[in-house]
Amino acid sequence: MTNSENLQKSFELAVEQYEALGVNVPRALERLRKVAISVHCWQGDDVVGFEGNVGTLGNGLAVTGDYPGRARTACELRSDLELAYSLIPGKHRLNLHALYGEFDGPVDRDAIGVEHFQGWIEWGRSQGVNLDFNPSYFSHKNAANGFTLAHAEKGIRQFWIEHGIACRKIASAMGQAQGNPCVNNFWVPDGLKDSPANRKAPRERLAESLDEIFAEQLSRDYTLDAVECKLFGIGSESYVVGSHEFYLGYAISRNKVLCLDAGHFHPTEVISDKISSVMMYVPELLLHVSRGVRWDSDHVVTYSDELQAIMQEIVRGDYLDRVHIGLDFFDASINRVAAWAIGTRNALKAMLAALLEPTAQLQQLEREGDYTARLALLEEQKTMPLGAIWNHYCQTSGVPVGAEWLEKVREYEIDVLQLRESESAAI
C-alpha cells in the first residue's frame, strides 16, 4: 500500500470515529477552508522594515537571535512568504506594518502614501493574498521617550496623528484593490517604566488623538479600524496608556474592532476567556495569536492548551464570521520561514480540532445539566484521530503532509538563505 493509500485509509477510519460522535467531517473541512489566517510580515525580518534603519527596535519590542538569512528587501521577504504559503494549507492573508513600504528615499511616517505599498498590492493580487495593515508607532525618534499619540507635546502628537490618518488611507486603498476589508490595527506603545502621578491626562490625550485619526468616515467595505490593548511592555512595566479597559471602552463607544493579543495580559490571564464577553459589545474582534513565555515574549505559536481554547471559543460561540485571526510572533533564533509554517499550521490545526468537536451535543448536555457526560465527552475528544483528518486536509490542499515541509525549508535555506548571509558578510 502506498503512502497516499495509507493516508486515505487512515482518513476514512477517522471519519467513522468522528461520525460516531455525530461530527460531520466534510462540513468541518469545508468551514476550515474558509478560515484565512493573517500571516505577519515582521517574522521574516525581525521587525526591521525597509526605512533604512537597522538599529535597535525599542518602544517595548525586542527580537532575539541572529539566524542566517534575514530578509533585507521587499523582494526577499516576498520570496520567503511565498515559500511559507506553499507549506500551509488554505488561502491566507498578509499582515503588513507601515515601515514595510518600498521607499525610494527618506520618507517620514507622516508622509507615507499608497504609492509606497503599490508593490505589495500588486504582489497580493498576483498571489491571491489579501492584505491587512498596521501603523508603526515605534522605532522612531518621535517615540524616543515612550509616548506617541499620548505625548504631552502637541507637535509630536500631531506627527503621529498624521501617520494614523495616512495609514487609514493606505488600508482603504488596499481593501478597495482586493475587494474585501483590510483590517487596520492600531497598537500604541505609550507608557511609563515607573508609576505615574497622573494616569488620567495621557489617556485623555490618547482618546483625543484617536478621535482625530478616525474623524473621516471610511467605508467598512474597504477597511476596518482595530485598536489593541496591552497590560505592560519593556520600558512601560508600570503604566500603559492603552490598557484593556481603555480600549474596550473606546471600541464599544466608537464602534471599532477590538484586538486582543494572547501575550498582552498577565501570565495567568488568557484571552480565550474574554472572547464571549467582548463579543457581546463590539462588532468584530481581531485576535493576535501569539505565545508569551513568562512575559509578552511573542514566541512561535505551538499547539498549546490556550491555542486550542481560543479556537474552541470562536467555534462554540459561532463567531467565525466576526473574528479576524492574525499571528504575532518574532523569533530570530530559528529559521524564519519555518517559524511561519509551524505557527500557522498549528493555528489551523487547533481550529480544525475545534470544528471537529461535537459542539451541539456538548452544549445540549450542558443545558440538561448532565455535566458528567459533558466532561466524559470532552475527555474522549482528546484522543480522537485529529492527525488523520489534518493530514488529509494538507494532502488535498496540495501542501506537505506531516513534517515533510521541513525538507523544503532546508533546501531553501541552502539555496537562498545562506547566500544572503554570505552577501551580507561580504559587505
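Under an unreviewed UniProt entry, the name given to the protein is L-rhamnose isomerase, and the organism recorded is Aureliella helgolandensis. As recorded by UniProt, the Catalytic activity (unreviewed entry) comment attached to the protein reads in full: "L-rhamnopyranose = L-rhamnulose". UniProt lists a comment for the protein under the heading Subcellular location (unreviewed entry), and it reads "Cytoplasm".

Caption draft 1: Representation of the pairing of strand β6 (residues 223-228) in the model. Most of β6 is tucked away: six of the six residues are buried. Burial of β6 is two-sided: the residues T223, D225 and V227 facing one way and the residues L224, A226 and E228 facing the other way are all buried. Pairing of strand β4 (residues 182-186) with β6 involves five bridges; the strand directions are parallel. In the strand pairing of β6, N184 is matched with D225.

Caption draft 2: Layout of the UniProt feature "binding site: Mn(2+)" (unreviewed entry) in the protein. Feature annotation in UniProt places "binding site: Mn(2+)" (unreviewed entry) on H264, D296 and D298, given in this structure's numbering. The greatest C-alpha distance among the residues just named is 9.5 Å, despite their covering 35 residues of sequence, which places them together in space. If you trace the backbone, H264 turns up in the loop between β8 (257-261) and α8 (275-278). Apart from the residues within four sequence positions on either side, H264 is in contact with W187, E228, C229, K230, L231 and D296. Looking at H264, its side chain comes within polar contact range of the main-chain oxygen of C229, at 2.7 Å. Within the secondary structure, D298 is located in the loop between β9 (285-289) and α9 (305-316). Once residues within four sequence positions are removed from consideration, D298 is found in contact with S290, R291, G292, D328, F329 and F330. One polar contact links D298 to S290, side chain to side chain, over a distance of 2.9 Å.

Caption draft 3: Quick look at the packing of aromatic side chains. Per the stated rule, a full pass over the model turns up 13 aromatic pairs. Between F138 and W187 the ring centres are 6.2 Å apart and the planes differ by 50°, which places this aromatic pair in the tilted class. Of the two residues, F138 sits in the loop between β3 (131-134) and α5 (154-178) while W187 sits in the loop between β4 and β5 (191-192), which places them 49 residues apart along the sequence. Exposure class is identical for F138 and W187. Each is buried.

Caption draft 4: Region of the structure containing helix α1 (residues 3-20). An ideal rise of 1.5 Å per residue puts 26 Å on 18 residues; α1 measures up with 26 Å between its terminal C-alpha atoms. Listed as buried for α1 are L7, F11, A14, V15 and Y18. Considered in projection along α1, the buried side chains sweep an arc of 110° and stay on one side of the axis. Structural note: α1 exposes E16 and A20 on the side pointing more than 90 degrees away from its buried face. Along its buried surface, α1 packs onto α2 (25-33), α12 (371-381) and α13 (386-396). A positive backbone phi angle near 85° is found at G22, which sits one or two residues after α1.

Caption draft 5: Up close: a nonpolar patch on the surface. Residues I252, M280 and Y281 make up a contiguous nonpolar surface patch of roughly 350 Å² in combined accessible area. The exposure class of Y281 is exposed, given its relative accessible area of 52%.

Caption draft 6: Inspection of the nonpolar core at higher detail. Within the largest apolar cluster, 79 residues are counted, with the highest numbers of intra-cluster contacts made by Y247, L287, M311, I314 and I389. Of the residues forming this core, the biggest block, nine residues, is contributed by helix α10 (residues 336-355). In contact with L287, other than residues within four places in its own chain, are L260, I271, I275, I310, I314, V323, H324, I325 and G326. Listed in part, the 45 residues of the second largest apolar core include C41, Y85, A98 and L99.

Caption draft 7: Seen up close, the environment of F103. Mapped onto the fold, F103 is located in the loop between β2 (93-97) and α4 (118-127). Not counting residues within four places of it along the chain, the set of residues in contact with F103 comprises F50, E51, A98, I112 and H116.

Caption draft 8: Fine view of the pattern of salt bridges. Overall, the coordinates contain 19 salt bridges when judged by the stated rule. E76 serves as the salt-bridge partner of R420, at 3.7 Å between the closest nitrogen and oxygen. Here E76 lies in helix α3 (residues 74-86) and R420 lies in helix α14 (residues 405-426), a separation of 344 residues in the sequence. We note that R420, like E76, is buried. We note a salt bridge from E102 to R78, for which the minimum N-O separation is 2.4 Å. Placement of E102 in the loop between β2 and α4 and of R78 in helix α3 is noted, with a sequence separation of 24 residues between them. When its relative accessible area of 29% is taken as the criterion, E102 is described as partly exposed. Classification of R78 as buried rests on a relative accessible area of 10%.

Quick notes on the rules
- Residues numbered from 1 in each chain as written.
- Predicted model: local features only at pLDDT ≥ 70, side-chain atom pairs only at ≥ 80, totals over all residues.
- Heavy atoms only, no water.
- UniProt positions renumbered as here; feature names shortened; annotations may be inferred.
- Buried < 20%, exposed > 50% of the residue type's maximum accessible area, 1.4 Å probe, protein only.
- Helix = DSSP H or I, 4+ residues; strand = E, 2+ residues; numbered from the N terminus.
- Pairing = 2+ DSSP bridges.
- Contact = heavy atoms within 4.5 Å.
- Polar contact = N/O pair within 3.5 Å; in protein donor to acceptor, adjacent residues only side chain to side chain.
- Phe/Tyr/Trp six-rings, centres within 6.5 Å; stacked < 30°, edge-to-face > 60°.
- Expected span 1.5 Å × (residues − 1).
- Arc of directions from axis to C-beta.
- Patch = residues over 30% accessible without salt bridge, like charges linked within 9 Å, V, L, I, M, F, W, Y side chains within 5 Å.
- Areas by Shrake-Rupley, 256 points an atom, 1.4 Å probe, with all protein chains shown as cover.
- Salt bridge = Lys/Arg side-chain N within 4 Å of Asp/Glu carboxyl O.
- Core = buried A, V, L, I, M, F, W, Y, C linked by side-chain atoms within 4.5 Å.

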